Each structure stands twice: as C-alpha cells, then as structure tokens.
Amino acid sequence: MKVSSKRLAIDKDQARIVVTVVAAAAITVFCLIGSSTLITKLNHQNDVISALEDSKETVQENISNLNALTTTYNNFENSVESVIGDNDSNSKVVLDALPSKYDFAALLTSMEAILRTGNYTTSGISGTDNELTAEQSSANPEPVEIPLSLAVNTTYAGSQQLLDTLASSIRPFDIRSMRLSGGDADARLNLELITYYQPSKEVQFGERTIK
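Residues numbered from 1 in each chain as written. Predicted model: local features only at pLDDT ≥ 70, side-chain atom pairs only at ≥ 80, totals over all residues. Heavy atoms only, no water.

(A) Quick peek at the overall build of the protein. Of regular secondary structure, the protein possesses 4 helices and 6 strands. When the helices and strands of the protein are listed from N to C terminus, the series reads α-α-α-β-β-β-α-β-β-β. Across the 211 residues that make up the protein, the buried fraction comes to 19%. Residue pairs at least 24 apart in sequence account for 71% of intrachain contacts in the protein once pairs closer than 6 positions are excluded. With an accessible surface of roughly 15,200 Å², the protein has 57% of that area assigned to carbon and sulfur atoms. (Helix = DSSP H or I, 4+ residues; strand = E, 2+ residues; numbered from the N terminus. Buried < 20%, exposed > 50% of the residue type's maximum accessible area, 1.4 Å probe, protein only. Contact = heavy atoms within 4.5 Å. Areas by Shrake-Rupley, 256 points an atom, 1.4 Å probe, with all protein chains shown as cover.)

Shown next, in the form of structure tokens:
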C-alpha cells in the first residue's frame, strides 16, 4: 500500500506538533516548579532580612538604653551622700536593703548585731534556711519573702525601742504578728517577721529559626 507524500508530510507534521507540545509542557512544568522554589527561597530571604532588621533595631535600642542607664547609675552612685544621708555608696545601701542573693546565715548575723547593739537578751532567732532551693537569679526578678521568728527578753520601753529600730532599718522588716507579755521591767517580746531578698537579674539569650 502506497502512502502519498502529502499524507507522509502530514504525519510528520503531527508528530512534530506532538513532540513540540510535550516539550513545551515539560518546560512549563519545569518553569512552574522552578518558580515555586525561587518564590519560596525569596520569601525565606525576605523573612531573614526582616528578622535581621528587627534585631538591628533591638540592638541599637539596647545600646541607647545602656548609655542612659550608665549615666543615671553614675549620677546615683557618685552622689555626695547616700539616700539615707551617710557616707556609704548608694549601691551598697540598695544591696543592704534588698540583697540580690539568698543568705540566711548573713540575715541571722545581721539580726544578732541589731540585738547586740541594743543590749537585748534574745532567747531565740529562728527560721528555715532554704539555701539549697532558693532562687538566686531570675529573668524577671521579684522580691522573695524570708520568714523569721524572734523572741527577746527586755523591758516595755526596750520593746518599743526594738520596734522603732526594726522600722528604721535599711533592710525592710514586715511584722506579721507580735506578742508582748510580762511587766514593764521584765517583758518578753515575740515577733513573727518577714524580710526580703530579690534574685539578681538573669540575662537570657535565645535563638529563633526562620523557616
């Protein structure tokens, strides 16, 4: 059977068209996939650039705040006299008022010094030493209570004087309960106190993955 040259040419043209269409479809699919990949990478790069800009602004703001804080601290620290009118530095006054570390032994020593200075006879200073579990640093520090019990043998006037001494102490003492017994010359004062410390500020650094 003879195939005309015209029919043969048509068949070749059809085959060429099919090949062209298939090639065009393959190229189109490849371009679509490539474009999707490029768009994804472009979006990721934009997210990275945006995050870097945010970080840069944060660093610049922190530097500005640091400079302002340094100036304020130096003015506070280098005052002619402390905020309580003595020759101690203000930083020492603040740390005496609100220590940055939990130290129960130092607290007892401080209380003993107050009683010794006032010539009080104590029959007991007690509390729970939480040295092993106490929080010493925090990202968001807040004052932490330290309960303390105190029993003093004194006079009625001595009891008043001790309360005045605690009220004027650089370290805050919150009297939760008080019991006074005995007479004017032979009194016994029992106090349940709360004092405080504030954990030091903990600077935290983190990482963020940009997907």
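(B) Representation of the side chain of Asn190 in the model. By secondary structure assignment, the location of Asn190 is in strand 5 (residues 187-197). Not counting the four nearest positions on each side in its chain, Asn190 is found in contact with Leu150, Ala151, Ser177, Met178 and Arg179.

(C) Representation of the pairing of strand 4 (residues 174-182). Of the pairings in the sheet, the one linking strand 4 to strand 5 comprises 8 bridges and is antiparallel in character. Opposite Arg179, over in strand 5, you have Asn190 as the bridge partner. Joining the antiparallel neighbours strand 4 and strand 5 is a turn of 4 residues. (Pairing = 2+ DSSP bridges.)

(D) Representation of helix 2 (residues 90-97). Inspection of helix 2 places Asn90, Val93 and Ala97 among the buried residues, and these make up the whole buried set. Projected onto a plane normal to the axis of helix 2, the buried residues spread over an arc of 55 degrees and lie on a single side. (Arc of directions from axis to C-beta.)

(E) Just the nonpolar core, in detail. Within the largest apolar cluster, 19 residues are counted, with the highest numbers of intra-cluster contacts made by Leu107, Met111, Leu150, Leu162, Leu166 and Leu193. Secondary-structure elements contributing two or more residues to this core are helix 3 (104-117), strand 3 (144-154), helix 4 (156-168) and strand 5. Ranked by residues supplied to this core, first place goes to helix 3 with 5 residues. (Core = buried A, V, L, I, M, F, W, Y, C linked by side-chain atoms within 4.5 Å.)

(F) Summary view of the sheet that holds strand 3. Taken in spatial order, the 4 strands of this open sheet run 1-3-5-4, and their pairing is antiparallel. Each edge of the open sheet is held by one strand with a lone partner, namely strand 1 (121-126) and strand 4. Geometrically, the sheet is characterised by an average inter-axis angle of 15 degrees between neighbouring strands, direction not taken into account. Contacts from helix 3 reach strand 1, strand 3 and strand 5, with the element oriented near 30 degrees to strand 3. (Axes fitted to C-alpha atoms, helices over the stretch in contact; angles between N-to-C directions.)

(G) Representation of unusual backbone geometry. With a phi angle near 55 degrees, Asn119 is a residue other than glycine that sits in the positive phi range. Positionally, Asn119 belongs in the loop between helix 3 and strand 1. The class of Asn119 is exposed, set by a relative accessible area of 69%.

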